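Report on the structure
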Amino acid sequence: TRVDDGKGFSISDLRDGNGDWGPPPLPTVHPSANHTVLYKVPWKPGNLPYSYPRVPCDRWDQDHVRMPNSSESLYPVQETGDEKGLRLRWELVQEALLRPIQNSHELEAAILSYNSRYNERWNFRALHTLFEEALDSEESEYFFRDVLPAMVVLALQLPELITGPIPLLKKHKNHTISLSQAQIASILANAFFCTFPRRNSTKRGSEYAAYPDINFNRLFQCGDNSDSNSVLEKLKCILNYFRRICLTDASDHEGVVTFSRRYISPGSFPNWGQSTKPLPKMHITSHGFIEDEGSGMLQVDFANKFVGGGVLGWGCVQEEIRFVICPELIVSRLFTECLDATEALIIVGCERFSKYAGYGHSFEWVSDFKDDTPLDSYGRRHCSIVAMDALCFSKPSSQFFLPNLVREVNKAYVGFCETEDHGDNKLAPVATGNWGCGAFRGDANVKALLQLVAAGESGRAVVYFTFGDKNLRDRIYGMYKFLMDNDVNVGKLWTLLTKYSRLVAQTITDNVPDLYDYLYSSVLKDPDDKVSCSALSLK
Ligand code: AR6
C-alpha cells in the first residue's frame, strides 16, 4: 500500500455503507428505447455474451454508425484502363487482410488498398518506426506471425459479432449503448485496420465532422518530432491490448461495457445560489492517481469535447493516457458526437490492460496489467469513468467570467448527478483532481471549488488527487476546512464565487484580490452568513 498524505475525511469513511464494491454502477443494463444492448441479456457469468439480435439488421443512415461490412458500403476501384467501377468495400477489406502481411509496409499497403483516395495523403511513419526501430526484431516478428493474423480474424468477425445497428449518441439526447468486450475488440480491430467508412475526412460539412475520428491512420502517421516517442509508447499499449484479447483465453474477456450520454437542458439545472445542500465530504491527497486509488469511485476523465481528445494523434496527457491503458474507451469515439456544454459521457465496465510510467513526453508503456476489478451483476468491471470537458482558457482571468463559472459547474453536475433511482445506496465518491488545469490552463483553486459545489449538490463525496502537488493540497484543504467550519453550504459558496466574479469584472487593473483571500475575508466579514461551527471530525 502507498503512503497516503491525505487530509480531510478518510477514504474508508467516504465509502462507508457500500461494502467493498457497492451496488452495480449506474446506469444498469436493461434494454429499452433509450438503451441499446447489442448482446443477449441477461448476462451470465462464465458464458460469452451472444450477439443480439439473432437476425442481423443493418441501418445505413444518419442515425447509426455506418458499418464497414454494410452491403451499402461501396468504394470506387480502378477497373480495366481508365474505367472506374464500384465494389463492395467489405470485399476489398477481406481480400486485403487475408493476404499475408509480414511487415509494416505490407500492412500499409493492405490498409491503403481499401482507402485508395488517401494513397498520397497518409503516411505510416510511426508504424514503421515502431516495428523497425523501437521494438526488437523478435517482438516485431511475433506480432506479424501471431498477433496480427488473430486481429484479422477478429476484425472480419464483425458481421457475426455485431448484428444490430449501433445508434449514434447524438447531441442533446440521453441514450445508452451496452456492448460486449468481444464486440468492442472487433470494432477496435477494424479501427486499427482503418475500415470505418466516411470517417477519414474531418473537413467541415463532412458527415462525421462533429465526431471524433476512429480509424487509427492518424496515430500511425505521427512521428518525426519531439512527441513521436509518446506516440510509439501509445502504440505499444494498443498492441498489448490486441495481444491480450487475441491470444489469451476468451473467457478472460467475457464482460460488457456501457456507454451513456447524458444531457441536461440548460433550463433544468439547480438554482445554484438557492441550494441548501451541504458541501460534500472530501479527502484530498498529493499521492496517487485517479485510475489507481480511485477504484470503485466515479473517476473523472479530463476530456476533450471530442472524447478521447488526441488519443489517436499526438496527445498524451490524462485523457489520452487513460484511453490507451483502457483501449475499450476508444470505442466511444465511434458513436459519440462531440459533447455540448451541458453533456457528459459515462462509461461503465472498461478493463485496464497496461501499466505505464511518465506523463506527456516522458510517457512509457511499462508492462501488461492484470485488472482484477470484479464484475458487477451485469457483467461490467466495477469501474465508472465520466468524460467531462472543461473550458480551455487562453486568458487566466476569463475563468471568473460568470457564464464560464456557470458552464463549468453545470458540466461537472451533469457528470456527477444521478437521475436513475439508486434506492438507499450511497453514490460512489467522485475521484477527481486538476480538471481543466493542464492542457486547458484553468486554475485548480477555483476548479476544485466548482467541483465541490457540483458534487455537494449531487450527493457525492469527493476524493481529490493533486498529482504530487503538496502546496495545492494544503491550499485547497485549508479553504475546504474553513468553509466547513463556517457552515458554508453549496448555495453560499456559489454566491461567493459569483460575487468574486463581479469583482473581477469591475476591476480594470490587474489588482484583483486572490480568490482565496477574498473568500477568507468575505466569510469572516459577513456575520449573518456565519453560523455556529460544525463539529466535524476532520483530520
Ligand atoms: N490522476 C490524477 N491527476 C492527474 C492525472 C491522473 N492520472 N493525470 C493528470 N493529472 P490534463 P485538461 C492532473 O492536462 O487541462 C487532453 O488532450 C495533472 O495535474 O490532461 O482538462 C484532453 O483530450 C494535470 O496537469 O487535463 C483535452 O483536450 C491535470 O490533471 C485536454 O487534454 C490536468 O490534466 C484537457 O486538458
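Residues numbered from 1 in each chain as written. Predicted model: local features only at pLDDT ≥ 70, side-chain atom pairs only at ≥ 80, totals over all residues. Heavy atoms only, no water.

A word on the overall build of the protein chain
Rules: Where helices and strands are cited, they refer to DSSP runs of H or I of at least four residues and of E of at least two residues respectively, numbered from the N terminus. Atoms counted for the radius of gyration: C-alpha only. Globule rule: 2.2 Å times the number of residues to the power 0.38. Only heavy atoms enter the contact rule, under which two residues are in contact if any of them lie within 4.5 Å. Here, Shrake-Rupley sampling with a 1.4 Å probe gives the accessible areas, and only protein chains in the shown set may cover a residue. A positive count includes Lys and Arg, and a negative count includes Asp and Glu. His and the chain ends are not counted in either. In plain terms, the charge of a residue is placed at NZ if it is Lys, CZ if Arg, CG if Asp and CD if Glu.
Along its length, the protein chain carries 17 helices and 14 strands. For 539 residues, the compact-globule formula gives about 24 Å, and the C-alpha radius of gyration of the protein chain, at 24 Å, lands near that figure. Along the first, second and third principal axes, the C-alpha atoms of the protein chain reach 85 × 50 × 45 Å. Sequence-distant contacts in the protein chain: of pairs separated by 6 or more residues, those separated by 24 or more amount to 78%. When the accessible area of the protein chain is evaluated, it comes to approximately 22,600 Å², of which 51% is carbon and sulfur surface. With 57 positive and 67 negative side-chain charges, the protein chain shows a separation of 5 Å between the mean positions of the two kinds.

Brief notes about the pattern of salt bridges
Threshold: Salt bridges are defined as contacts in which a side-chain nitrogen from Lys or Arg sits within 4 Å of a carboxyl oxygen from Asp or Glu. For the exposure calls, accessible area comes from a 1.4 Å probe over protein chains only, and a residue counts as buried if that area is under 20% of its type's maximum, exposed if over 50%, partly exposed in between.
Under the defined criterion, the tally for this structure stands at 29 salt bridges. The salt bridge partner of E95 is R87, with a shortest N-O separation of 2.7 Å. Look at E95 and you get partly exposed, because its relative accessible area is 38%. For D514, the salt bridge identified is with R475, shortest N-O distance 3.5 Å. Separated by 39 residues along the polypeptide, D514 in the loop between helix 16 (490-506) and helix 17 (515-525) and R475 in helix 15 (residues 470-485) bring together distant segments of the chain. For D514, a relative accessible area of 32% corresponds to the partly exposed category. Linked by salt bridges that have partners in common, R243, R244, E351, D368 and R381 make up one network.

Things to note about the confidence of the model for the protein chain
The condition is simple: Note on scores: pLDDT gives the predictor's confidence for each residue, bounded by 0 and 100.
Overall, the predicted model of the protein chain reaches an average pLDDT of 93, with 95% of residues at or above 70. Here residues 530-539 scores under 50 on pLDDT; set against residues more than four positions off or in separate chains, the count is 20 contacts. Reported for the predicted complex are a pTM of 0.96 and an ipTM of 0.99.

Remarks on the packing of helix 13 (residues 402-416) against helix 16
As a reminder of what qualifies: In this analysis, axes come from line fits to C-alpha atoms, helices being fitted only over the stretch in contact, and the angle between any two N-to-C directions falls in the range 0 to 180 degrees. Under this scheme an angle from 65 to 115 degrees is roughly perpendicular, one under 35 degrees roughly parallel, and one over 145 degrees roughly antiparallel; angles in between are oblique. All residues other than Ala, Val, Leu, Ile, Met, Phe, Trp, Tyr, Cys, Pro, Asp, Glu, Lys and Arg, Gly among them, are scored as polar; the first ten of these are nonpolar and the last four charged.
Where helix 13 contacts helix 16, the two axes come as close as 9 Å, and the packing angle between them is 150 degrees. The angle between helix 13 and helix 16 falls in the class roughly antiparallel. Packed against helix 13, whose contacting residues are L402, L405, V406 and V409, the element helix 16 presents W494, L497, T498 and S501 at the interface. Of the residues assigned to the contact of helix 13 with helix 16, the class counts are 6 nonpolar, 2 polar and no charged.

Concerning the packing of helix 14 (residues 444-458) against helix 15
Short version of the rule: Left-handed is the label given to a crossing in which the near helix is rotated counterclockwise from the far helix by less than a right angle, and right-handed is the label when the rotation is clockwise.
Interhelical geometry of helix 14 versus helix 15 gives an angle of 45 degrees and a closest axis separation of 10 Å. The angle between helix 14 and helix 15 places the two elements in the oblique class. Crossing angle aside, the handedness with which helix 14 passes helix 15 is right-handed. Across the interface between the two elements, A444, N445, A448, L449 and L452 from helix 14 touch L472, R475, I476, M479, Y480 and L483 from helix 15. When grouped by side-chain class, the residues that make up the contact of helix 14 with helix 15 number 9 nonpolar, 1 polar and 1 charged.

Quick look at the site of the ligand
Our working rule: By convention in these notes, a residue is near a molecule or strand provided one of its non-hydrogen atoms lies within 4 Å of it. The definition of a polar contact used here is a pair of N or O atoms within 3.5 Å, where within protein one atom must be able to donate a hydrogen and the other to accept one, and adjacent residues in sequence count solely through side-chain atom pairs.
Taken together, 20 residues sit near the ligand, with E319, E320, G436, G438 and A439 positioned nearest. E319 places a side-chain nitrogen or oxygen 2.6 Å from an oxygen atom of the ligand. Among the secondary structure elements, those contributing two or more residues to the shell around the ligand are helix 10 (290-293), strand 8 (298-303) and helix 11 (318-325). Its residues assigned to classes, the shell around the ligand comprises 11 nonpolar, 6 polar and 3 charged.

Quick notes on a negative patch on the surface
Which entries qualify depends on this criterion: Like-charged residues are merged into a patch within 9 Å and nonpolar side chains (Val, Leu, Ile, Met, Phe, Trp, Tyr) within 5 Å, provided each residue has over 30% relative accessible area and no salt bridge.
Together, D136, E138, E139 and E141 line one region of the surface with negative charge. Topologically, E141 is positioned in helix 5 (residues 137-156).

Brief notes about the nonpolar core
The test is simple: Throughout, nonpolar core names a set of buried Ala, Val, Leu, Ile, Met, Phe, Trp, Tyr and Cys residues whose side chains join them through atoms within 4.5 Å.
I166, L179, F192, F193 and F335 are the most contacted members of the largest nonpolar core, which has 96 residues in total. Grouped together as the second largest cluster of nonpolar side chains are 65 residues, A390, A431, L450 and L483 included.

Concerning the sheet that holds strand 12 (residues 384-389)
We apply this condition: Pairing between strands requires that DSSP locate at least two bridges from one strand to the other.
Strand order in this open sheet of 10 strands is 1-7-14-13-8-12-9-6-5-2, and the pairing throughout is mixed. Strands with a single pairing partner mark the edges of an open sheet, and in this sheet they are strand 1 (7-8) and strand 2 (35-37). Here helix 13 sits on the sheet in contact with strand 6 (256-263), strand 8, strand 9 (343-348), strand 12 and strand 13 (430-433), set at roughly 160 degrees to strand 12. Contacts from helix 14 reach strand 7 (282-285), strand 12, strand 13 and strand 14 (462-465), with the element oriented near 165 degrees to strand 14.

Quick notes on the environment of A155
Checked against the element boundaries, A155 lands in helix 5. In this structure A155 comes out as buried when scored by relative accessible area, which is 0%.

Looking at the packing of aromatic side chains
Each aromatic ring pair is summarised here by two numbers: the centre-to-centre distance and the angle between the ring planes. Heads up, the rule is: Classification of ring pairs rests on two measures: the distance between centres of Phe, Tyr or Trp rings, Trp counted by its six-membered ring, which must be within 6.5 Å, and the angle between planes, read as stacked under 30 degrees, edge-to-face over 60 and tilted in between.
A complete count under the given rule lists 23 aromatic pairs for this structure. Ring centres of F192 and F193 lie 5.4 Å apart, and the angle between their planes is 90 degrees; this geometry places the pair in the edge-to-face category. What makes F193 buried here is its relative accessible area of 0%. Where Y500 meets Y518, the ring centres are 5.3 Å apart and the plane angle is 50 degrees; that geometry is what we call tilted. Residue Y500 is located in helix 16, and its partner Y518 is located in helix 17; the two are separated by 18 residues in the primary sequence. Judged by its relative accessible area of 4%, Y500 is buried.

Here we look at unusual backbone geometry
Note that the residue after L26, namely P27, is joined by a cis bond; omega there is -5 degrees. Tracing the backbone shows P27 in the loop between helix 1 (11-15) and strand 2. The residue after V41, namely P42, is reached through a cis peptide bond having omega 0 degrees. Notably, R198 is not glycine yet its phi reads approximately 65 degrees, a positive angle. Within the secondary structure layout, R198 lies in the loop between helix 7 (181-192) and helix 8 (217-221). Overall, the relative accessible area of 44% leaves R198 in the partly exposed class. Although it is not a glycine, D487 sits at a positive phi angle of roughly 50 degrees. By the element assignment, D487 lies in the loop between helix 15 and helix 16.

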